[in-house]
Structures are given as structure tokens and as C-alpha cells.
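Here is how the chains run, residue by residue.
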Amino acid sequence: MASAPLFAQSVTGAVAGRAEAGQQVTITNPSTGLTRSVTVSGDGSYRIGQLPPGQYTLTTGSGESVAVSVSIGGTTTVNLTGAGAVDLATVQVTGSRVINQVDVRSTESATNIRREEIARMPVDQSLSSVALLAPGVVSSAASFGGLNFGGSSVAENVVYINGLNVTDPYRRQGFSSVPFGFYEEFQVKTGGYSAEFGRSTGGVINAVTRSGTNDFHAGAEFTMEPNAWASTMKDHFYKDGNITSRDRTSRDGGSFYKANVWASGALIQDRLFFFGMYEQRDSNPRDIDTTQAWYTDSNNDFWGGKLDWQINDSHLLSLLAFSDKVESDTLKYRYDWDSATRGAAEGGSSAGSGGDNWSLTYTGNFTQNFVAKAMYGVNKRSSNSFSQWDPYCSILDRDGTYDAIFGERTAREGCAPSTDGVNSRDDKREAARLDFEWTLGDHLLRFGADQEVMDSTTSSLFPGDGVRYRLIGIPADATPDDRALPNGAVVPAGVTAYLDGRYKVTGAPVSTKAQAIYIEDNWNVTPDLLLNIGVRADKFENTLASGATFAKADFSDMISPRVGFSWDIKGDGTTKLFGNAGRYYIPLTNKLTDYFGGGTIDEHTYYVLDGWEERIDPILGTPYLYPIIGEQLGPVNTEGNAPAPDDVRTAVSRDLKQVFQDEFILGFQQALSPAWSWGVNATYRKMTRAVEDVRINHVEGCPWYSGDWPILNPGETNTLWCPDTEQWVTFDNSEDGYQALGSGLIMGYKRPKRTYKAVEFQLDRAWDDKWALNVSYLWSKSEGNIEGPVNSDTGYNDTSLVQYYDHPAVNERFGPTFNDYRHQIKVRGSYKFNDMWSVGGTLSVRSGGPITAFGVRWPNDNRSAGGPSEFSGGGSGWLCESGCDDWTTRELVYSEKGAFGRMPWVTDLGASVMWTLPSDKIDLKARFSVYNLLNRQTEINVHSRYESLPGTKMPYFGEARAWQSPRYMQLVVTWNFF
């Protein structure tokens, strides 16, 4: 089901069509009393826009009426005269409702799903689960998860709730969330979205929350997923019999329960409405491995509400507020697998996320032809990791020199549960936008501007007194030179152990200001042909902690033309041919700025070790040993301190160009009957630019660059500051930037390229209070020498800071990307037996992704292009077969992307049954759902590292390291009181 381009993130809908010229058409929402009227224009067309989603009654001047459904971002066509005219008398008698089978006023690709439809099917209670119903959207098999839209990576999507952007501004990989029962309708845009939307080269999830009406309603919902209802994840072993890197999984699990209560109604009839919800959530996941076990408890609540003030029929003010803060506590225990016995607790940690969010939106219909909308909102997120021991316990660890003299520890030393620091990040987005809609004859002009200020503050420090103490041993017969410390002091003779106390604090605030302006003309060239012509211009500026500019782009640097058409072939709203072409830009994230722009305090103080004392763990009450800190040796060493930089000319290209994607879509859609429709469309996407950290160890004319990773447009012309000459130096990175080790060859990097080609078929049968069905098949081909700003092959998710350009070998190969799933089949449907029983089902089947090998060297170079770790380093397509010890004798064989075949097909079948109490007085429902009914635990990711050293093959290349989640069951009970 396609949607129309309405503004302010399309949180409203519209009704349009043809009628007798001069006739008055009125639409009314019986639940809220909202009424709008327009006079049909001289050419026989009418349009009523900016309607909150819901059920309406359309009335003509003669008093006849028809029921109409309005969806988020959609335009429902109701022709009252001419081809496809609605027989109002018949509609009124049969009680039918005009719905949107074919939206002839849309030029984009989108899927609309209402809350009532999802309630009839086994769809898990998350925004991501809803998005996965749309063709072309897949769940990433990368270690860091996320959603892939149309061949893009997980770091290219945008999520809106009631028009407020709630996407993570730091890495652009997550988003704020609200309970499922808080939503009213969802729209998943997979391509072709209009000029009002930007900052995305992937997809858009557009959700609207519930609102109050004139009638008071209240209810409660209980969701339970007991651990006993879930199948166990198998223990997985490699072919040699060793257990996989995930260790044991067959005893993992945990239960999840949540309950919410909600109420809605009118504070003032026909004018002021409210909706409010409170939800309590409790989960206790368990991760049990061979020798250790982690038990987590998460008991959190959610609150949210919405106020809608219909000042009059022409002016509306809406306030949304919610809090999605969550916190979890984890304790780590010793564990004996053979006896299934949990031992004493060894430590623990806590994690927190989420924040408080709100938005205020005003909509004004000043005349029949002019509408204005204004929105201001705040989105907050956090990501914190800490432990209950942090206020009391400093980190204590051992240097190898201490073990060499005194032996390994025989008792617990220190009470800190780990050697990790206390990390925190707080993100805040302030969003504001103005949008206008002006009808001038055959033209619907839409224009507006928006601004988002995104602040991220990160910090990392050691727990306890803020100092990490390291035990260092020194032989009694050490020479005076061996006893010298970095601060100039000397360890006294006779002292055989001392402490290095390190005080380190990193992080600082960074910020991005992003702005955009757009204008768009929806031109009805004829009554049956719509042209959508628009342009969007973006600008942004990333600033460091020092206040200096890290990177910026002006409006002229990020211009996005968009053009589309929709042809109502038969003129009756049943058949359309549509298409669009557009450019889409994506800005830099705060993660990139934070990597370069934070300051560091890094100081070392040295102390004599005066022995040990026994202390009591403040949390567990168990004893542990702690060093007695003796005499300080010399002054504090402050050589590691580094203020936040204010000059990044050597770290970022002067004229950095921004990443964009060009997209082309052509489609056809037809309603076969009032219930059945089908469609087909083809999509082509192309991206030819990246912003990444690039290894630069050679720049002609500037010897200073001997091993740095500045932010560049790889494979293009870049300009950096040369400290040696105190001048700017410009070089072509496709020919210069890298000097091989050994041969001394000078070369550049290939320009990035990613393409996506897809053909989609869809058949839809609309719900008629008996049954519904949607079937889609998508053939796609995603290729490139990069996936996007993250790297799923090796599991690295620091946006725009991955390894594609750590070495020219890493992006040398063009071929199938990690998320290249050639075939995707999706089916969803529901059937109602009677007023008591109904069933639903979902089916997702996709082919497997490619298996690509990553080596460590390439010809004529002795520098590593990758390492053995799965989660860092790049990798080469060249694999060594002989003479591997020296770069001059190596025989390397080139390996294409996907050369080692593909992973198996992944099938996910879901089923649900719903029971409804057959009563007019009590609204009670229970839905039991089974997810992954067949309990398929198919491999979805494999070890892709082929070598650890030239010619030394990794033992588990090509073997699985991630699998499909096992079957689980869910019971949802809802009771609506009124």
C-alpha cells in the first residue's frame, strides 16, 4: 500500500477525488467531532488534507455520506462523480468503508500497517518487527544487529514518532522506543520518499501514537513469555569438536513479563483529548557458559501520554511526552557445567539507556488552500555501563613482571569486578521544523525548513577513587637504570614491587547542527496525471569539544533533487503507473566527531608496595586482599594529558564532500476488486562516495604524513594541511596516499561504489472482517566494494570509522555485499472463524548471504591488510599458497567476494490464535503466538577470517558463528474496560 507525500514527517493523511464543481464536501471524525469542509474547484477536483489518521464520514452538500478510512501519509481517493464514482446510497446501506487499495496520489514505495491488523497476526511487540513485514527490509545478521533497507547498511535509517526524529545521533544505529500498545499506525518507507525527508540513504520508519476521543476508554494488557515456553538454543561445536566462540547456549534463556494500563477520553468534548499509558516490564535473561554464568535482572517502567487540543476545526495543538529509560543489573558467578552448579558471585555490572522525550506540534488551516505546521521537540538517549562496586572499588591488576617474581595470585585481589572503566554517553536532539502547504489551482505547493541540534557527551573513567593500580615487580638486583621511572624518579634499592596508579578521564561534549530547506510541487497536469517535483538542500556543522569546527557542509554542497509521477491509467483510482528519481544525502555522526574531538587526562603516580591487607567486599561481604600503598615516588607524570584539539586540519580533509545515494523506481499497481490488488516495481540505487578514516602514509610534497588516519573522501581528490610546509597540500587519493612496505610502491585507494537492484511483486487482499492476505516476492542484488558506513563482514560498527580504508586491499574487491540476499518471500494473513476464534500467520523466507574470505597480505606489500580478530581489522582478497614467509616469494591467489558459496536459506514461520469473549459488555481478548514455529536454528553468519598470518589458515573459516533464534511463545491478554 503506497503513501502520499504529506509534510511534517507525514503524521497525517488526506482525502481527495472528483465531484461536481461548486459542490461542498465535508469530512467529519465522529470520535473527535473534527469537521473540515471544502468547495469543489472548477475542474471538479477536491482535497482535504492534514487529517489525523482514523475513521471519517464524508458528506456531500445533498446530505449523502460515505465512511472513509484515512491512513498515515496516505491519500484516500473518493470520486463522487465521473469514472469510479462512489454510489453513496449503496455504500451507506451496505456499511462499506472506502479504503486505499491504490493510492494514485503517491509516487513513493511504502507499507502502511495499523494496530488492528497487527493484533490479528504473530508480530512481536517491537518497531523492528513491524518494519520487517515490508518487502526489502531484512534483519541484519551482523554481530551488532539492526535493519537493512534496500541494500543499505544498518547505519543509514531514520525513525520518527509523531514527526519527532528519535534516531540515535551518535552511531545512527538505534532509536528510542515506546510500548507496542502506545502506537496507532506504522508506515515503513523503503524508497522514493519526498523532499521533506532526508538524512537517510536507507529507509524510514514513521509511527503515530494513539490519541483520545470523545468517548472514555480504558484498558489493561498483560504479556508473558515464560522461559518454559521457549525452545533451547543448541550448543554449537566446530568440526574439530571444540565448542564455538559463543560457548554454551543450551542453558541460556530467561522469562519476560510486562503489563500496562491505559486510558483515553475527552477533557472537553470535541475540543481537548488525552491518552495516557503506564507499563511495567520485568525480564531476567541468563547467559550460562562452561565456567561462568551471568544472571541479569531488568525491572523497568514506561510512561507516556498525548494531549490533543482542537482549538477549533481549523487549528490543532498536540503534545507528546514519554520516557523510555531502562536499567539492568548483572551478576557474574562461577559455574560448573558438569554438575550444573552455580558458585559464588564474582562481580557484576549495570547498564542503562533511554531518556525523556517530548514534542509539541501546531497545525493551522488558515484558509481552504493554505495550511501551516510547526513542531518543536526534544529526544534524549543515554548509554551507560557501570557496576554496584564502582563507588567503593578501584581496579587492581598485575603486570607480568610481578607474576614473574611473586607467582600468580592464589586469592582474590581487589574488589572491582572487572578491569573495565565506567563509560557513559548522553545524547540530546532538539528538533524544530516549519512546514507549509499551499494549493494554487492544479498545484499543491509544499515547502518548509527544519533544524536538529544533536549533542553527545561521552566520558570514561576508572571506578573507586578514579585510579587503576597496577602491580609491577622489579628484581632485587636490578641496575639503577632499570629502577628509573618515566617521571624521573628512581625505585629505591631493596624495593621489589611498586604500584603504577593511573588516573585517566576521556571524553567531552561534541555537537552537530543539521539544517534543511525544501520545496515541492505536486502538479496535477491532468485529472489523471500527477507530477511531484521537488528539491531539498541540507547543511550541517560538526563541532569539537573545544568549540572548533570539525567538518561542515553548506546548502550548496548537499542539494537533493526529487521528481516523481503517478498516472491514474483508467481515471477511476484503480490502476496506476508510478515512478520517481531522487538523490539522498546522509550527514556525519557524532561518533566521528567524538573520536577526534575529545580531551584526555592521563596521569601516572608511582608508589612503593608496603604489603597486603584483608578487606571485606562491600557488596558480597566476602574477604579479598588489597595492597598497602606506601611512599610516593617522584612527581605525578602528566605527559599523557591532551586537551581537546582546536586544529584538525591534518585530521580532516578541507573540502570534505558528503555521502549521497541516487535512486530510481518504476512501478505499477492495480486494484482487481474492492478487496484484491497487486503490484510490481523495480528499484535501482547507487552510492559512489564515502567518508572514512583512511590510512595515509604518503602524500607527495608533505613527508609529515607517514602513518595517519585522517577523515577523507577515499578515492577522490582531497586537501590536507601540511605542518612541514605550513601549506595546504592537494592529492588524488586514487593514485596517492599509501606506500607499500618492502616494495615501496606508491598507490591510492579505489573509489567506493555500492549498487542495489531489485524487482518486487506484491499481492494484497484487504481485511473484510473475515480474512486478509499479503504476499510479496523480492529479487535483489546488492554489490559493492563497501557495505556502507559500517562493516558487517568483520563485525565492526563504529560508523564511518571501520576498516575499508585501513589498507588499499580492503576495498579492492567489488562483489556481493554482506547483506546480499537474492530472494525474499514474505506472507502474512489472518482468518476469522467466528466472533470468538481467529488465526493469523506470517512467513519469511530468504536466501543466504555470501561467504567471503579475508586474508592478511596483498602483492608487493609486507604490511598487514587485516588480522585474525573477527571484530577489528580489514582484510585482503589475496590468499597465500606458498613462499609465505617473505613478501618477495609469496604466491598469492586472488579470491572474489562470495567465492566460497552462500549460507543456507533462512525460514521463519509464525502462527497465532486469538480468542475473543463473545460479549457486548466485556471486551476481553487473548492471543497466543508462536514465533519460529519450525524451530529452525539456521546459521546466519560465519567466520570470514581466512588467515592469521600469510599461509596460516584460521581453523574455523567458513564455519558458523551466529544462528537464528530458537522458537518461543507469547501470550497477550487485553481487557478494554469501556
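*Asks:* Could you give me a rundown of the environment of Glu-787, with the residues and numbers involved?
*Replies:* With respect to the element layout, Glu-787 can be found in the loop between β47 (771-784) and β48 (815-816). Assessed through its relative accessible area of 2%, Glu-787 is described here as buried. Distance from Glu-787 to Thr-593, taken between C-alpha atoms, is 21 Å for residues 194 residues apart in sequence. If near-sequence neighbours (up to four positions away) are discounted, Glu-787 is found in contact with Ser-153, Glu-156, Arg-754, Ser-792, Asp-793, Tyr-804, Phe-818 and Asn-819.

*Asks:* So what about a nonpolar patch on the surface? Which residues, and what values?
*Replies:* Where nonpolar side chains cluster on the molecular surface, the patch consists of Leu-267, Ile-268, Leu-307, Leu-319, Trp-358, Leu-360 and Tyr-376 and spans about 590 Å² of accessible area. Every element with two or more residues in the nonpolar patch is listed here: β17 (256-268) and β24 (356-367). With respect to the helices and strands, Tyr-376 occurs in strand β25 (residues 370-386).

*Asks:* So, the sheet that holds strand β4 (residues 45-51): which residues are in play, and what are the values?
*Replies:* Sheet architecture is open: three strands sit in the order β4-β1-β7, paired in mixed fashion. The sheet is open, and its two edges are formed by β4 and β7 (75-77), each paired on a single side. Strand-to-strand, the axes of this sheet are offset by a mean angle of 15°, without reference to chain direction.

*Asks:* So what about the state of the cysteines? Which residues, and what values?
*Replies:* Scanning the model with the defined rule gives three disulfides in all. The disulfide partner of Cys-393 is Cys-415, and the S-S distance across this bridge is 1.8 Å. Since a negative S-S torsion denotes a left-handed disulfide, the Cys-393-Cys-415 link at about -115° is left-handed. Of this pair, Cys-393 sits in the loop between β25 and β26 (396-398) while Cys-415 is found in the loop between α5 (400-406) and β27 (422-440), placing the two residues 22 residues apart along the sequence. The exposure classification of Cys-393 matches that of Cys-415, with both residues buried. Two residues, Cys-880 and Cys-884, share a disulfide whose sulfurs are 2.1 Å apart. Disulfide Cys-880-Cys-884: torsion about the S-S bond near -110°, hence left-handed. Judged by relative accessible area, which is 10%, Cys-880 ranks as buried.

*Asks:* Residues and numbers for helix α6 (residues 590-597), please.
*Replies:* In terms of burial, α6 is largely enclosed, as seven of its eight residues are buried. For α6, the complete set of buried residues consists of Asn-590, Lys-591, Leu-592, Thr-593, Asp-594, Phe-596 and Gly-597. Next to the buried residues of α6 lie β28 (443-461), β31 (509-526), β32 (529-543), β33 (549-553) and β41 (711-712).

*Asks:* I'd love a proper account of unusual backbone geometry, names of residues and values included.
*Replies:* A positive phi angle is found at Arg-172, which is not glycine, with a value near 60°. Within the secondary structure, Arg-172 sits in the loop between β13 (164-165) and β14 (183-191). With relative accessibility at 10%, the residue Arg-172 sits in the buried group. Of note in this structure, Glu-726 is not a glycine but carries a positive phi near 55°. Given a relative accessible area of 59%, Glu-726 falls into the exposed group.

*Asks:* Outline the pattern of salt bridges, supporting the account with residue identities and numerical values.
*Replies:* Scanning the entire structure with this criterion turns up 48 salt bridges. One salt bridge in this structure joins Glu-184 and Arg-114, with 2.8 Å as the shortest N-O distance. Here Arg-114 lies in strand β9 (residues 109-114) and Glu-184 lies in strand β14, a separation of 70 residues in the sequence. Given the relative accessible area of 15%, Arg-114 is considered buried.

*Asks:* Can you explain the pairing of strand β1 (residues 13-18)? Please cite residues and give values.
*Replies:* In terms of residue burial, β1 counts as a mostly covered element, since six of its six residues are buried. Burial along β1 is two-sided: the residues Gly-13, Val-15 and Gly-17 and Ala-14, Ala-16 and Arg-18 are all buried. Where β1 lies against β4, five bridges are found, and the strand directions are antiparallel. For Gly-13, the partnering residue across the bridge sits in β4 and is Leu-51. Note that β1 and β7 share three bridges and pair parallel. Looking across to β7, one finds that Ala-16 is bridged to Thr-77.

*Asks:* I'd love a proper account of the confidence of the model for the protein chain, names of residues and values included.
*Replies:* With 97% of its residues at a pLDDT of 70 or more, the protein chain has an overall mean of 92. Across residues 89-95, confidence stays below pLDDT 50; counting only partners more than four residues off in sequence or on other chains, it has four contacts.

About the cut-offs
- Residues numbered from 1 in each chain as written.
- Predicted model: local features only at pLDDT ≥ 70, side-chain atom pairs only at ≥ 80, totals over all residues.
- Heavy atoms only, no water.
- Helix = DSSP H or I, 4+ residues; strand = E, 2+ residues; numbered from the N terminus.
- Buried < 20%, exposed > 50% of the residue type's maximum accessible area, 1.4 Å probe, protein only.
- Contact = heavy atoms within 4.5 Å.
- Patch = residues over 30% accessible without salt bridge, like charges linked within 9 Å, V, L, I, M, F, W, Y side chains within 5 Å.
- Areas by Shrake-Rupley, 256 points an atom, 1.4 Å probe, with all protein chains shown as cover.
- Salt bridge = Lys/Arg side-chain N within 4 Å of Asp/Glu carboxyl O.
- Pairing = 2+ DSSP bridges.
- Axes fitted to C-alpha atoms, helices over the stretch in contact; angles between N-to-C directions.
- Disulfide = S-S within 2.5 Å.
- pLDDT = per-residue confidence, 0-100.

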